[in-house]
Amino acid sequence: MLESKLNPKEIYKILIAHMSRGGCKENFLGDLKLSEVAFANSLIDNEFPVLYYEMYLQGKPRTDFHVSISGKSIHTCNNFPANLGGGGYEKVFEWYKNTPGRGSLIFSYDVSEGRTDSHTAHIFFELPFTYVKEYFKVMGSEESAEYLKEFELRVPKGWEHTYYGLFKGRAASPVRIDYFVNEDLQKIYAEDISIFGAHLKNLGFNAVNEEFLQRCKEMANLPFQMELQFNVLGVNKLDSTISVSSTLTPNVFGQDTSFRIRELFSEGGNGYDLMKKIESWGLSDSRWQYIKAVSFNKYLRLGKLSLHISNLPIFLKVRWREGNMLDAKLYFIAFAKDESKNELYKNFYPKTARKPDGMNRHLTFAV
C-alpha cells in the first residue's frame, strides 16, 4: 500500500487549485484563502474530511463551506484539537466521542463573511432521542430538544429526517432540521401542490403564497429528489425562511461521473434545464455555466503518492423568506484520498436518499 507523504493541509491546497482553474476562481468561487484557515480548524487526525461548498449565484463571487469529520476519526482521536471548529466545541467533541454514532459531525463556516469559526456542528438522525437531548445540552440549549421533538410529531409521512443542528453562532440560535421527500409523496405534490401547502401549514409554517407554491410545483415536477430545511425557534414556532432543494449528482463514484456531469449540465440535460429555470426566476446570473469547469473526478500521480480528488455538484437550494424568493446556491461535494486504499466513504449518503438509477435518480449529501 502506498503511503501519502502529504498532510491534509497540503492536499487541500491541491484540491482548491484544481477548483480554481479556468476562470472559476474569479467568476464563480471567489477567494478561498479563509477556507484554508477554517479547514485547518477542522482537522483532528490525518484523515482528509469530506467537504461541502456553498457557491452563491449572484453578487460578488464567494463560497461558504462545511467540513465533515467522520465518527471513526472522532472515536479514535486521543488528543483533542484545542481550536476545533474555531473553538467552543470541546463538550460536543467529548460527548460524541463517547456515543455509538457512526455518522459525522459537520462544522459549517460562513467564510464569505470573513468568519473562520463555525456557527454550528450538525449531527445526523442516527441516534436514539436520548442522544439528541444530550447533543442540545452540550451545545448549550437543552430546551431545543423539546422544540425538535414537538416539531417531529407534526411532520407528514413521506418526509424522512436527515440531520439537525443548533445554529448557536447566529441570531436567535435556531434549530436547523432537514428532510427528504420520498418519491411517492413528491409525485403527489407535483400533481397537487396545495397538499404541500397544507402540510407546511400543519407544521406551523405560514409563509405560503401562490407564487411560492407554483415554484415548488415546478421543482417537484423535475426529476430530482426534493429536500426541505426549516429553522425551528420554539414550540410550534418557526421562522419565515424555508429552503427547497433539488438533488443533482447521479453517481458520485461512478467511472463515468465526469461525463454524466457534462451531460447533465449541457443543453438538453435536466441540470441545464433546472439552472435555466433558476436564472429565469432572477436567482442566478450566468455564472452557473462554470459548473462543468469546476467539476472533476481525477486520479493524480505525485511522486509516490496516488491521489484521488473530486469536486461535484450535489444540489441546488432555493430559499424563500416571508413567502418571497430570497436566493439560490449551488452545493458541491469534494474529497481527496489515497487511491491505493481503495475505500469509499461508507456512510456517504443517508438511508432516506433515493439510490441512483440512471440520470433520473439523484442523491444528496450526508455522511
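(A) Structural view of the overall build of the protein. When you go through the protein residue by residue, the secondary structure sums to 13 helices and 11 strands. Per-residue burial for the protein yields a buried fraction of 55% across its 367 residues. Approximately 15,500 Å² of the protein is accessible, and the part contributed by carbon and sulfur atoms is 47%.

(B) Looking closely at the pattern of salt bridges. Counted under the stated rule, the structure contains 10 salt bridges. Two residues, Asp117 and Arg115, come together in a salt bridge whose shortest N-O distance is 3.0 Å. Assessed through its relative accessible area of 30%, Asp117 is described here as partly exposed. A residue is classified by how much of its surface remains accessible, and Arg115, at 23% relative accessible area, is partly exposed. Note that Glu218 and Arg215 form a salt bridge whose closest N and O atoms lie 3.6 Å from each other. Note that Glu218 and Arg215 are positioned in helix H10 (residues 210-220) at a spacing of three residues, about one turn of the helix. Look at Arg215 and you get buried, because its relative accessible area is 19%. It is possible to trace a salt-bridge network through shared partners that takes in Glu211, Arg215, Glu218 and Lys277.

(C) Broad picture of the packing of helix H9 (residues 193-203) against H10. Between H9 and H10, the least distance of the axes is 9 Å, while the angle of their chain directions is 120°. Our classification of the angle between H9 and H10 gives oblique. H9 and H10 meet at a crossing whose hand is right-handed. Counting all contacts with H9, which are made through Ile193, Phe196, Gly197 and Leu200, the residues of H10 involved are Phe212, Leu213, Cys216 and Lys217. Among the residues making up the contact of H9 with H10, the classes are represented as six nonpolar, one polar and one charged.

(D) Focus on the packing of helix H8 (residues 183-191) against H9. In the contact formed by H8 and H9, the axes pass within 5 Å of each other and the chain directions differ by 115°. In this view, H8 runs roughly perpendicular relative to H9, as classed from their interaxial angle. Residues Leu185, Ile188, Tyr189 and Glu191 of H8 form the contact with H9, whose own contacting residues are Ile193, Ile195, Phe196 and His199. Of the residues that constitute the contact of H8 with H9, the class distribution is six nonpolar, one polar and one charged.

(E) Inspection of the nonpolar core at higher detail. Counting residues in each nonpolar core, the largest one holds 112 residues, and the members touching the most others are Tyr53, Trp159 and Phe230. Not counting residues within four places of it along the chain, the set of residues in contact with Trp159 comprises Tyr179, Phe180, Val181, Leu185, Tyr189, Phe196, His199, Leu200, Leu203, Leu228 and Phe230.

(F) Spatial organisation of unusual backbone geometry. Non-glycine residue Asn236 carries a positive phi angle of around 55°. Its location among the elements puts Asn236 in the loop between strand S7 (226-234) and strand S8 (237-247). Phi at Glu322 is positive, roughly 55°, even though this residue is not glycine. Tracing the backbone shows Glu322 in the loop between strand S10 (305-321) and strand S11 (324-338).

(G) Here's a closer look at the confidence of the model for the protein. In this model, the protein carries a mean pLDDT of 87, and residues with pLDDT of at least 70 account for 88%. The least confident element of the protein, judged by mean pLDDT, is helix H11 (residues 257-264) at 77; the most confident is H8 at 98. Contacts for the low-pLDDT stretch residues 250-255, under 50 throughout, to residues beyond four places or in other chains number 21 contacts. In this model, residues 342-351 is a region of pLDDT below 50 whose contacts with residues beyond four sequence positions or in other chains number 30 contacts.

(H) Summary view of the environment of His308. By secondary structure assignment, the location of His308 is in strand S10. Note on His308: relative accessible area 6%, which makes it buried. Separated by 30 residues in sequence, His308 and Asp338 have C-alpha atoms that sit 6.2 Å apart.

(I) Structural context of the packing of aromatic side chains. If you walk through the whole model with that rule in mind, you get 25 aromatic pairs. Seen in terms of ring centroids, Phe124 and Tyr163 are 5.6 Å apart; in terms of plane orientation they differ by 75°. Their pairing is edge-to-face. Placement of the pair is Phe124 in strand S4 (residues 120-124) and Tyr163 in strand S5 (residues 159-166), with a sequence separation of 39 residues. Here the two residues Phe124 and Tyr163 agree in accessibility, since each one is buried. A centroid spacing of 5.8 Å and a plane angle of 20° characterise the contact between Trp159 and Phe230, whose relative ring orientation is stacked. Here Trp159 is found in strand S5, whereas its partner Phe230 is found in strand S7, with 71 residues between them in sequence. A network of ring pairs unites the aromatic residues Tyr12, Phe39, Phe48, Tyr53, Phe65 and Tyr109 as a single cluster. It is Arg62 that lies over the ring of Tyr56; its NZ or CZ is 3.8 Å from the centre. The ring centre of Tyr89 lies 4.1 Å from the NZ or CZ of Lys168, which sits over that ring.

Thresholds applied
- Residues numbered from 1 in each chain as written.
- Predicted model: local features only at pLDDT ≥ 70, side-chain atom pairs only at ≥ 80, totals over all residues.
- Heavy atoms only, no water.
- Helix = DSSP H or I, 4+ residues; strand = E, 2+ residues; numbered from the N terminus.
- Buried < 20%, exposed > 50% of the residue type's maximum accessible area, 1.4 Å probe, protein only.
- Areas by Shrake-Rupley, 256 points an atom, 1.4 Å probe, with all protein chains shown as cover.
- Salt bridge = Lys/Arg side-chain N within 4 Å of Asp/Glu carboxyl O.
- Axes fitted to C-alpha atoms, helices over the stretch in contact; angles between N-to-C directions.
- Parallel < 35°, antiparallel > 145°, perpendicular 65-115°, else oblique.
- Left-handed = near helix turned anticlockwise from the far one by under 90°.
- Contact = heavy atoms within 4.5 Å.
- Nonpolar A, V, L, I, M, F, W, Y, C, P; charged D, E, K, R; others polar.
- Core = buried A, V, L, I, M, F, W, Y, C linked by side-chain atoms within 4.5 Å.
- pLDDT = per-residue confidence, 0-100.
- Phe/Tyr/Trp six-rings, centres within 6.5 Å; stacked < 30°, edge-to-face > 60°.
- Lys NZ or Arg CZ within 6 Å of the ring centre and 35° of its normal.

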